[in-house]
Amino acid sequence: MTSYYVNNNSDNEGDHEVHEDGCAWLAMAHSVSYLGDYTSCVPAVAKAKQTYITANGCKHCSPFCHTS
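First, a word on what this report is: a plain description of the structure on this page. As the structure is a computational prediction, the values presented were derived from the model and not from experiment.

**Examining the state of the cysteines**
Phase 1 of the analysis: Enumeration according to the criterion identifies 1 disulfide in this entry.
Phase 2 of the analysis: The thiol sulfur of C23 is not disulfide-bonded, and the nearest other cysteine sulfur, from C61, lies at 3.6 Å.
Phase 3 of the analysis: On the basis of relative accessibility, which here comes to 10%, the residue C23 falls in the buried class.

Structure below.
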């Protein structure tokens, strides 16, 4: 299981990126919310989309869930 977090601030494209614990990009985020522990990024992004419709996987730590 991996811990996932969503950046509460959107990036330049308007996405709220979902990161795995330990991602270098997560460390640079100023405000994040814990999403939970999951076996993949898919349920983590789905959870994040309940709050941020523009949630998207981080292209560095969750490339399978990165769509834009």
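That covers the picture; the talk isn't over yet.
**Here we look at the nonpolar core**
Phase 1 of the analysis: Among the nonpolar cores identified, the biggest contains 12 residues, and these are Y4, V6, V18, L35, Y38, C41, A44, V45, A48, Y52, A55 and C65.
Phase 2 of the analysis: For this core, the secondary-structure elements that each account for two or more residues are β1 (2-7), β3 (32-38) and α2 (41-49).
Phase 3 of the analysis: Considering each element in turn, this core owes the most residues, 4 residues, to α2.
Phase 4 of the analysis: Non-local contacts of A44, meaning those with residues more than four positions away in its chain, are made with Y4, V18, L35 and Y38.
Phase 5 of the analysis: Grouped together as the second largest cluster of nonpolar side chains are 5 residues, Y5, C23, C58 and C61 included.

What counts, and where the lines are drawn
- Residues numbered from 1 in each chain as written.
- Predicted model: local features only at pLDDT ≥ 70, side-chain atom pairs only at ≥ 80, totals over all residues.
- Heavy atoms only, no water.
- Disulfide = S-S within 2.5 Å.
- Buried < 20%, exposed > 50% of the residue type's maximum accessible area, 1.4 Å probe, protein only.
- Core = buried A, V, L, I, M, F, W, Y, C linked by side-chain atoms within 4.5 Å.
- Helix = DSSP H or I, 4+ residues; strand = E, 2+ residues; numbered from the N terminus.
- Contact = heavy atoms within 4.5 Å.

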